Amino acid sequence: MSGAPTKTARAIAAAVQTGELSAESSIEQALEAIARRGGLGAFLRVDRDRALAAARAQDRGRAAGRDPGPLGGVPLAIKDNLCTRGLATSCGSRILEGWVPPYDATAVERLAAAGAIVVGKTNCDEFGMGSSNENSAFGPVAHPEDPERVPGGSSGGSAAAVAAGLVPLALGSDTGGSVRQPASFCGIVGLKPTYGRVSRWGLVAFASSLDQVGPLARDVRDAALALELMAGPDGRDATAAAVPVPRGLAALEGDPRGLRIGFLRDLSEREGTEPAVRAGVRSAAEALAAGGAAVEETTLELAEYALPVYALLATAEASSNLARYDGVRFGRRTEGGAGPRGMMEATRGAGFGPEVKRRIMLGTFALSAGYHDAYYGRALRARARLAAELDAQLARYDALLLPTSPGVAFRRGERAGDPLAMYLSDVFTVVASLGGHPAISLPAPRAAGALPVGVQLIGPRFGEPLLLRAALALEERGFAAAGVA
Amino acid sequence: MGRDVIAAAEVRRIAALARLALTEDEIPRLARELSAILDYVARLDALELPEAAPGPPSGLPVTRADEPAPSLDGDAVLAGAPQAARGHFVVPRVIAP
């Protein structure tokens, strides 16, 4: 990393607003930084010409008196499972290689309408399935601070791009932790909104009862601003809830006085949580208490069942959602076998990577005749109990505190041969995913040379203002990304 | 839910349902991995569960007025297909000549 402070999206937009910085030079700086750190593998595609043209158009508009918008001139990176009109979208998969969407995802469209300029598409685990970005068909992403380590996943490219200072803001998607866990590994902020808060139109579906689009940013207020700008109902997505979007999120204050925080201490210190992570979460509880919040230790009895429930539901839904890659409608076709069925089997066998196949197989099994009730049905009912327990705890507390992931960024290859060890990286993030609750990961303070540790807060459903207030209280007490200005 | 161990024949049965061509090396590996994952999820057996499965989250789904609105351009959609002709997707022959 350069060591120079990296500007927030708000600082860039403010400078563009006053004319101190042109949108064109803002985008040029981002494109140069992306080229300089090409070795990270964070970007699959850079949209240089269109980004520069959009920036110049914005500068001309400003000269003519038009407002560049709250994100005017801000370089934005988009995870490659969000559709971008005219810009290939592969989901990190061979099966979609070369596919160019004819439309923009709603989240992308809304941030662009607010002035953000898309500079490119970021690498990710294939279809969002993974916790290390090692499952991309187009190569891994390096951790910005240690090239031997993973950046987390599945939004690994978006997290690495923000952490390395290439862009101030990126979009990811979070099904079981795919925004929060890489934010934790890379030392930045990652927000998963409430299920239903942000439209999924144009987000390539993985598990539809869990998927949410979320921002990765260098501070809480940038994440809050991005959320506010992209949230709200959308006639193209029946799961974008008709709930009013809170305004002024980026102007919230982080006063911890009066906040009730439930510290999930037993869960946080379960076997397998690394000492640095335990220390990070404990220091968050102490910082909030010292600031005047009422912090109490509490439990979530059903949390130990969250990962098995997630494994069954997410794979069942994936097996159904990924049925659409049949060699007919999108991407690649592989000839083979007899008739349409043979072609489909050959296309899917050649086009999907090992993790995607594993999940399709598990999900197909869990939904198949004779096993449906025992696996999928039980998991659905267990999910309802877990969600009810979370709701009860979040009636008692404004936010729950726990780690984002049990460990820090691990070495590439370390867990590649052991799917269960990889899934355990998400043991703390799947909890809010199953409940549909909003959750945020923040970087804990760290010693020089230590890898980032993320702490997680879970808020009440559609209670983002409360969640962000608690997050800001931590941020003001040193739970912040290094070198942000 | 029991501790079902997945054998190679079961892997082939599931792969056929999933329309997934697997190689001979993939089959024993998937049998091993799926068995390990099912063994892990078997901890759900210990949980007491409500009788009824839950419905969708409150307030969802949201439906819009049933009125015609512009949609995607057909040619633009077909441009992303592996094979298309005369406004249609092209698939391998379904009925033998």
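### Topic: the pattern of salt bridges
(1) Moving on: Tallying each qualifying case throughout the model produces 32 salt bridges over all chains.
(2) Moving on: In this structure, Arg329(A) engages Asp326(A) in a salt bridge whose closest nitrogen and oxygen atoms are separated by 3.0 Å.
(3) Moving on: Arg329(A) gets classed as partly exposed once you look at its relative accessible area, which sits at 33%.
(4) Moving on: When the shortest N-O distance is used, the salt bridge between Glu24(B) and Arg12(B) registers 3.3 Å. Pair noted here: Glu24(B) is in the loop between α1 (8-17) and α2 (26-41) and Arg12(B) is in helix α1, with a separation of 12 residues, a long-range link.
(5) Moving on: The exposure class assigned to Glu24(B) is exposed, which follows from its relative accessible area of 57%.
(6) Moving on: Of the residues examined, Arg12(B) reaches a relative accessible area of 43% and is grouped as partly exposed.
(7) Moving on: Among the charged side chains, a network of salt bridges with common partners joins Glu355(A), Arg358(A), Arg359(A), Arg29(B) and Glu33(B).

### Considering the packing of aromatic side chains
For any pair of aromatic rings, geometry is given as the distance between the ring centres together with the angle between the planes.
Residue and element names in this part refer to chain A.
(1) Moving on: Tallied over the entire structure, the rule returns 10 aromatic pairs over all chains.
(2) Moving on: Centroid distance Tyr-103 to Trp-201: 4.8 Å. Interplanar angle 35°. Geometry classified as tilted. Linking Tyr-103 in the loop between β2 (75-79) and α4 (106-113) with Trp-201 in the loop between β5 (189-192) and β6 (212-217), this pair joins segments that are 98 residues apart in sequence.
(3) Moving on: Classification of Trp-201 as partly exposed rests on a relative accessible area of 24%.
(4) Moving on: Aromatic pair Phe-127 and Tyr-325: ring centres 4.9 Å apart, planes at 40°, arrangement tilted. Note that Phe-127 is positioned in the loop between β3 (117-122) and α5 (156-163) and Tyr-325 in the loop between α10 (306-321) and α11 (339-351), a separation of 198 residues in sequence. By the burial criterion, Phe-127 is buried, and Tyr-325 matches it.
(5) Moving on: Among the aromatic residues, those joined into a cluster by ring pairs are Trp-99, Phe-127, Tyr-325, Phe-330 and Phe-352.
(6) Moving on: In this structure, Arg-415 is placed above the aromatic ring of Phe-410, and the distance from its NZ or CZ to the ring centre is 4.1 Å.

### Considering the interface of chain A and chain B
(1) Moving on: The partner chain B presents 56 residues to the 57 residues of chain A that form the contact.
(2) Moving on: In this assembly, chain A packs against chain B so that about 4900 Å² is buried in total across both faces, 71% of it on carbon and sulfur atoms.
(3) Moving on: Interface area lost by chain A to chain B is led by Met361(A), Arg378(A) and Arg381(A), which between them contribute 15%.
(4) Moving on: The interface formed by chain A and chain B contains two salt bridges.
(5) Moving on: When the shortest N-O distance is used, the salt bridge between Glu26(B) and Lys357(A) registers 2.7 Å.
(6) Moving on: Taken together, chain A and chain B are joined by 16 residue pairs in polar contact (both at pLDDT 80 or more).
(7) Moving on: When residues of the side of chain A that touches chain B are traced back to their parent elements, those giving at least two are α10, α11, α12 (354-367), α13 (373-396) and α14 (419-423) of chain A.

### A word on the domain arrangement of chain A
Residues and elements named next belong to chain A.
(1) Moving on: Annotation of chain A at the domain level lists domain 1 (9-256) and domain 2 (304-378).
(2) Moving on: Placing a centre on the C-alpha atoms of domain 1 and another on those of domain 2 gives a separation of 28 Å.
(3) Moving on: Contacts between the two partners involve 20 residues from domain 1, matched on the other side by 19 residues from domain 2.
(4) Moving on: Both sides of the domain 1 and domain 2 interface together cover about 1700 Å² of buried area, and 63% of this is carbon and sulfur.
(5) Moving on: For domain 1, the biggest contributors to the area lost against domain 2 are Ile-95, Met-129 and Phe-206; these three give 37% of the whole.
(6) Moving on: The interface formed by domain 1 and domain 2 contains one salt bridge.
(7) Moving on: Linking Arg-332 and Glu-97 is a salt bridge whose minimum nitrogen-to-oxygen distance equals 3.4 Å.

### Digging into the pairing of β6(A)
Residue and element names in this part refer to chain A.
(1) Moving on: For β6, the tally of buried residues reaches six of six residues, placing the bulk of the element in the interior.
(2) Moving on: Here β6 shows a buried face lined by Gln-212, Gly-214 and Leu-216 and a second buried face lined by Val-213, Pro-215 and Ala-217.
(3) Moving on: Judged from the six bridges that link them, strand β4 (residues 169-174) and β6 form a sheet pairing that is antiparallel. By the bridge assignment for β6, Ser-173 is matched with Val-213.
(4) Moving on: Bridge count between β5 and β6: two bridges; the pairing is antiparallel. Residue pairing across strands places Gly-190 opposite Leu-216, the latter belonging to β6.

### Quick word on the nonpolar core
(1) Moving on: Ranked by size, the top nonpolar core spans 75 residues in total, and within it Phe127(A), Phe352(A) and Met361(A) carry the most contacts.
(2) Moving on: Elements with a contribution of two residues or more to this core: α10, α12, α13, β9 (399-403), α14 and α15 (430-435) of chain A together with α1 and α2 of chain B.
(3) Moving on: Ranked by residue count, the leading element in this core is α10(A), at 10 residues.
(4) Moving on: Those residues in contact with Phe352(A) that sit more than four places away from it in its chain are Ser93(A), Ile95(A), Glu126(A), Phe127(A), Leu322(A), Tyr325(A), Lys357(A), Ile360(A) and Leu20(B).
(5) Moving on: The next biggest cluster of nonpolar side chains, apart from the first, holds 66 residues, and it includes Val189(A), Ala226(A), Val245(A) and Leu442(A).

### Points about the packing of α12(A) against α1(B)
Any two packed helices are characterised by how steeply their axes cross, that is the angle between the axes, and by the distance between the axes.
(1) Moving on: As a packed pair, α12(A) and α1(B) sit with axes 9 Å apart at the nearest point and diverge in direction by 90°. Here α12(A) is positioned roughly perpendicular relative to α1(B), judged by the angle of their axes. Contacts between α12(A) and α1(B) involve Met361(A), Thr364(A) and Phe365(A) on the former and, on the latter, Glu10(B), Val11(B), Arg13(B), Ile14(B), Ala15(B) and Leu17(B).
(2) Moving on: Partitioning the contact of α12(A) with α1(B) into residue classes produces six nonpolar, one polar and two charged.

### Side note on the side chain of Arg221(A)
(1) Moving on: Position of Arg221(A) among the secondary structure elements: in helix α7 (residues 220-230).
(2) Moving on: When neighbours within four sequence positions are excluded, Arg221(A) is seen to be in contact with Arg10(A), Ala250(A), Leu252(A), Glu253(A), Leu472(A) and Glu476(A).

### Focus: the sheet that holds strand β1 (residues 43-46) of chain A
All names here are of chain A.
(1) Moving on: Spatial strand order, β1-β3-β2-β4-β6-β5-β10-β11-β9-β7-β8: 11 strands in an open sheet with mixed pairing. Only two strands of the sheet have a single partner each, and these edge strands are β1 and β8 (294-297). Sheet twist, expressed as the average angle between the axes of neighbouring strands with direction ignored, equals 25°.
(2) Moving on: Here β5 pairs with strand β10 (residues 439-443) via three bridges, running antiparallel. Residue pairing for β10: Gly-190 is matched across the bridge by Ser-441.
(3) Moving on: Together, β1 and β3 form the strand contacts of helix α3 (residues 48-63), whose direction differs from that of β3 by roughly 160°.
(4) Moving on: Of the strands in this sheet, β7 (260-263), β9 and β11 (454-458) are in contact with α13, which crosses β9 at around 115°.

### Regarding a nonpolar patch on the surface
(1) Moving on: Together, Leu72(B), Val77(B) and Phe89(B) line one region of the surface with nonpolar side chains, adding up to about 210 Å² of accessible area.
(2) Moving on: Along the polypeptide, Val77(B) turns up in helix α3 (residues 74-78).

Definitions and cut-offs
Residues numbered from 1 in each chain as written. Chains lettered and ligands numbered in written order. Predicted model: local features only at pLDDT ≥ 70, side-chain atom pairs only at ≥ 80, totals over all residues. Heavy atoms only, no water. Salt bridge = Lys/Arg side-chain N within 4 Å of Asp/Glu carboxyl O. Buried < 20%, exposed > 50% of the residue type's maximum accessible area, 1.4 Å probe, protein only. Helix = DSSP H or I, 4+ residues; strand = E, 2+ residues; numbered from the N terminus. Phe/Tyr/Trp six-rings, centres within 6.5 Å; stacked < 30°, edge-to-face > 60°. Lys NZ or Arg CZ within 6 Å of the ring centre and 35° of its normal. Contact = heavy atoms within 4.5 Å. Buried area = accessible area lost by both parts, 1.4 Å probe. Polar contact = N/O pair within 3.5 Å; in protein donor to acceptor, adjacent residues only side chain to side chain. Domains from an automatic or database assignment. Pairing = 2+ DSSP bridges. Core = buried A, V, L, I, M, F, W, Y, C linked by side-chain atoms within 4.5 Å. Axes fitted to C-alpha atoms, helices over the stretch in contact; angles between N-to-C directions. Parallel < 35°, antiparallel > 145°, perpendicular 65-115°, else oblique. Nonpolar A, V, L, I, M, F, W, Y, C, P; charged D, E, K, R; others polar. Patch = residues over 30% accessible without salt bridge, like charges linked within 9 Å, V, L, I, M, F, W, Y side chains within 5 Å. Areas by Shrake-Rupley, 256 points an atom, 1.4 Å probe, with all protein chains shown as cover.

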